[in-house]
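Remarks on the overall topology
For reference, the chains in residue letters:
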Amino acid sequence: MIRRNQTFARLEGSYLFPEIERRKEAFRATHPEAELINLGIGDASLPVPAVVAEAMAQKSLEMALPESFSGYGPSEGLKELRKRIAHIFYRDDFSLDEVFVSDGSKSEMCRLQALLGVGLKVGVQNPVYPVFVDSSIIFDAKEIVSLPCLPENNFFPELRQAAGCDLIYFCSPNNPTGVVYSKEHLEELVAFAIENRVLIIYDAAYSPFIQQGEHPRSIYEIEGAKEVAIEVCSYSKLAGFTGIRLGWTIVPKELRYADGGPILPDWRRIVQTLFNGASRISQAGGLAALTTEGLQGIEENIAIYLESARILKEALVAQGISVFGGDSSPYIWAHFPGKTSWDLFEEFLEELHIVTIPGSGFGTSGEGFVRLSAFCSYSDAVKAAEVMKRKQELLIT
Ligand code: PLP
């Protein structure tokens, strides 16, 4: 019989969400009357714009007719969608050949690992979106270098620690800290990557939350980034496609291996081998989302999430709690020095009836923090803010 893939022995158990569920259920069993407010949620909760749903319905109906049925599309995605993405998000700074439509960024991360191969030294922010670590381990990374991101360093890692890395994952706006990196920080990152010949995988899943002109929405706003960075983006938080599935990836033609060979043709080969393209129905929705009407609907939804983030953040700040993120991000990273994340989780649950995510679940540098998410309903954000203000003393002591 086949032996187990040895890399599984290196993976840590995914205990975080099951443990949160277990504790929630235990609380419900002893407090059946309590109404829990879920601020742990990392999933979109607002519906997609109507124009998106209509386009997907239309495409589905076309599939039922012989004259309009369509089968496989290009693995790289429909031309019109790639063209629209290049235009809307990159002002036509990329050719169609450099834009790849995906079924979301999580699966794309694994295909990128397949591109880069085994035995890499990989730098990750700590705290970190766990997929960067787990997918690297599944693809047998030689070493994972943890780059602490703390209030003391403005959540920007000491890049020297990443010397010798083949690859750095970088996420802005960050999950879980909600921190958005400035142009100066990203310039430092790109300069480091150029000097040290490190590839950056830049996760911009939350970039639509960055308010116009505040900070770069794409790594390619930084000069030189095309030589060192792949950008992975998603419709999930942009337009509520978490259940529909759509995203895109930019692989610039300037990107080269250590021996000078281009990366782009190999990436195309990976995409054509491991992927048969995103669903035509999702892509129809994705195109509709990038029309004037679709973009307006997207903006309205993001404004609601950001307003929820603002009132949650304000409720914590009013009590003198150190809070990060939440301005150009749906996530709020609240710091309670001296407490453990799981104790904080319990306090929020028991005393405020609010579900959070313990920061330590994202890495050792998350200890003492909890993550609050504004992907809840607006009315839940208002309720949670009221509870936090009313029971102020519980959070401060
Ligand atoms: N990247 C980050 C930082 C995320 O937080 C998430 C989802 O929560 C993803 C990627 C996954 O996005 P997708 O739904 O496109 O797979």
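Residues numbered from 1 in each chain as written. Predicted model: local features only at pLDDT ≥ 70, side-chain atom pairs only at ≥ 80, totals over all residues. Heavy atoms only, no water.

1. What to know about helix α8 (residues 264-274)
Restricting attention to buried positions, one finds in α8 the residues L264, W267, I270 and V271. For α8, the angular spread of the buried residues around the axis is 115°, confining them to a single face. The exposed residues of α8 that point more than 90 degrees off its buried face are R269 and T273. Buried residues along α8 sit against β2 (99-102), α4 (105-116) and β8 (247-250). (Buried < 20%, exposed > 50% of the residue type's maximum accessible area, 1.4 Å probe, protein only. Helix = DSSP H or I, 4+ residues; strand = E, 2+ residues; numbered from the N terminus. Arc of directions from axis to C-beta. Contact = heavy atoms within 4.5 Å.)

2. Focus on helix α11 (residues 341-352)
An ideal rise of 1.5 Å per residue puts 16 Å on twelve residues; α11 measures up with 15 Å between its terminal C-alpha atoms. For α11, the full list of buried residues reads S341, W342, L344, F345, F348, L349 and L352. When α11 is viewed along its axis, its buried side chains cluster within an angular range of 160° and face the same direction. Where α11 ends, the next residue or the one after it, H353, has phi of about 60°, a positive value. (Expected span 1.5 Å × (residues − 1).)

3. Details of the sheet that holds strand β9 (residues 322-325)
Strand order in this open sheet of four strands is β9-β10-β13-β12, and the pairing throughout is antiparallel. The sheet is open, and its two borders are formed by β9 and β12 (357-358), each paired with just one other strand. For β12 and strand β13 (residues 369-373), the ladder comprises two bridges, and the chain directions are antiparallel. Among the inter-strand pairings, P358 is bridged to a residue of β13, identified as V370. (Pairing = 2+ DSSP bridges.)

4. Topic: the site of the ligand
Taken together, 13 residues lie near the ligand, and S105, D203, Y206, S234 and S236 sit nearest. Contact distances for the ligand include 2.8 Å between an oxygen atom and a side-chain N or O atom of N175. One nitrogen or oxygen atom from the side chain of D203 is found 2.6 Å from a nitrogen atom belonging to the ligand. In the complex, the protein chains occlude 90% of the 400 Å² of accessible area that the ligand would expose alone. Taken atom by atom, the bulk of the ligand overlaps the largest pocket. Those elements that provide at least two residues to the shell around the ligand are α4 and α7 (236-239). Its residues placed into classes, the shell around the ligand shows four nonpolar, five polar and four charged. (Near = heavy atom within 4 Å. Polar contact = N/O pair within 3.5 Å; in protein donor to acceptor, adjacent residues only side chain to side chain. Areas by Shrake-Rupley, 256 points an atom, 1.4 Å probe, with all protein chains shown as cover. 1 Å grid on protein atoms, 1.4 Å probe; cavity = no way out; pocket = protein on both sides within 12 Å on 5 of 7 lines; lining within 4 Å. Sits in = over half its atoms within 2 Å of the grid points. Nonpolar A, V, L, I, M, F, W, Y, C, P; charged D, E, K, R; others polar.)

5. Thoughts on unusual backbone geometry
With an omega of 10°, the peptide bond between N126 and P127 qualifies as cis. Within the secondary structure, P127 sits in the loop between β3 (121-126) and α5 (130-138). Note the cis peptide between S172 and P173, where omega equals -10°. Looking at the secondary structure, you find P173 in the loop between β5 (167-171) and α6 (183-196). In this model, N154 sits at a positive phi of 55°, which is unusual for a non-glycine residue. Non-glycine residue F155 carries a positive phi angle of around 65°. Within the element layout of this structure, F155 appears in the loop between β4 (143-148) and β5.

Scope: geometric values only; no functional claims are made or implied.
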